[in-house]
Amino acid sequence: FSSTGTYLFGGKVSGISYESFHRHLGATGIAGSTIDVSYITYWKQYANQGSALMKIRAERADAPAAPTTADDGRSRVLTTAGVDYDSPAGALDTPINTPSLNTVIQELADNQISTVVQMFLLDDGTDYDGRFYPWAYDGSTTKAPKLHIEYTAGGAAGQPYSARVQQVVGMRTWGGF
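Residues numbered from 1 in each chain as written. Predicted model: local features only at pLDDT ≥ 70, side-chain atom pairs only at ≥ 80, totals over all residues. Heavy atoms only, no water.

1. Some details on the side chain of serine 20
Then comes step 1: The topology assignment puts serine 20 in strand 2 (residues 16-25).
Then comes step 2: By relative accessible area, serine 20 is classed as buried at 0%.
Then comes step 3: At a separation of 2.7 Å, a polar atom in the side chain of serine 20 contacts the main-chain amide nitrogen of phenylalanine 9. (Helix = DSSP H or I, 4+ residues; strand = E, 2+ residues; numbered from the N terminus. Buried < 20%, exposed > 50% of the residue type's maximum accessible area, 1.4 Å probe, protein only. Polar contact = N/O pair within 3.5 Å; in protein donor to acceptor, adjacent residues only side chain to side chain.)

Structure below.
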């Protein structure tokens, strides 16, 4: 477990899984809404190594505290919905958008969860070695993961919510399970 990592980590090293999370504050208004568009923008800090098979899920809790240990991270209740995100292509230090996260974010909205959205980048069957290294907030506040959500609330036109990860207790990376 690291609380000061400059990059997030997804995949495996020598057969050991490494997984990360990042927090997004101020997602007010999504509870009870219809999610129209949602994705995360990552900036790749290091080149991929091998093929990392990953899944993106969110913590299914309103305003969850950041995990403080690997066991704490493993114990969190995550969304049933998850989105595959396997070895994303793209040049270093350029923005890379995930596939649509609508199923994940809609599950949060349906369960009246807003204010803090905590996303998890999980290993999803990577072979022995496969790694993805996007920037973390502690490495670059301008290249930290950005969660973009557009939603419709009460029949109104789509409302944009887009905020870069904000540091509350520090960007943390956990792994080794």
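2. A look at the environment of tyrosine 18
Then comes step 1: Of note, tyrosine 18 is situated in strand 2.
Then comes step 2: What makes tyrosine 18 partly exposed here is its relative accessible area of 29%.
Then comes step 3: Here the alpha-carbon distance between tyrosine 18 and leucine 121, two residues 103 residues apart in the chain, equals 9.0 Å.

3. Notes on the confidence of the model for the chain
Reading predicted coordinates in detail is not appropriate for stretches of low pLDDT.
Then comes step 1: Looking at the chain as a whole, its pLDDT mean stands at 80, while 83% of the residues score no less than 70.
Then comes step 2: Mean pLDDT across the elements of the chain ranges from a minimum in strand 11 (residues 173-175), with 39, to a maximum in strand 5 (residues 83-84), with 96.
Then comes step 3: Counting interchain partners and residues more than four positions distant, the pLDDT-below-50 stretch residues 163-177 has 74 contacts. (pLDDT = per-residue confidence, 0-100. Contact = heavy atoms within 4.5 Å.)

4. Some details on the pairing of strand 8 (residues 130-134)
Where a strand is regular, its side chains alternate between the two sheet faces.
Then comes step 1: With 5 of its 5 residues buried, strand 8 lies for the most part within the structure.
Then comes step 2: The two faces of strand 8 match: Gly130, Phe132 and Pro134 on one face and Arg131 and Tyr133 on the other face are all buried.
Then comes step 3: Where strand 1 (residues 10-13) meets strand 8, 3 bridges bridge the pair, whose relative direction is antiparallel. By the bridge assignment, glycine 11 is partnered in strand 8 with arginine 131.
Then comes step 4: Across 4 bridges, strand 3 (residues 34-50) lies against strand 8 in antiparallel orientation. Paired with tyrosine 46 across the strands is tyrosine 133, a residue of strand 8. (Pairing = 2+ DSSP bridges.)

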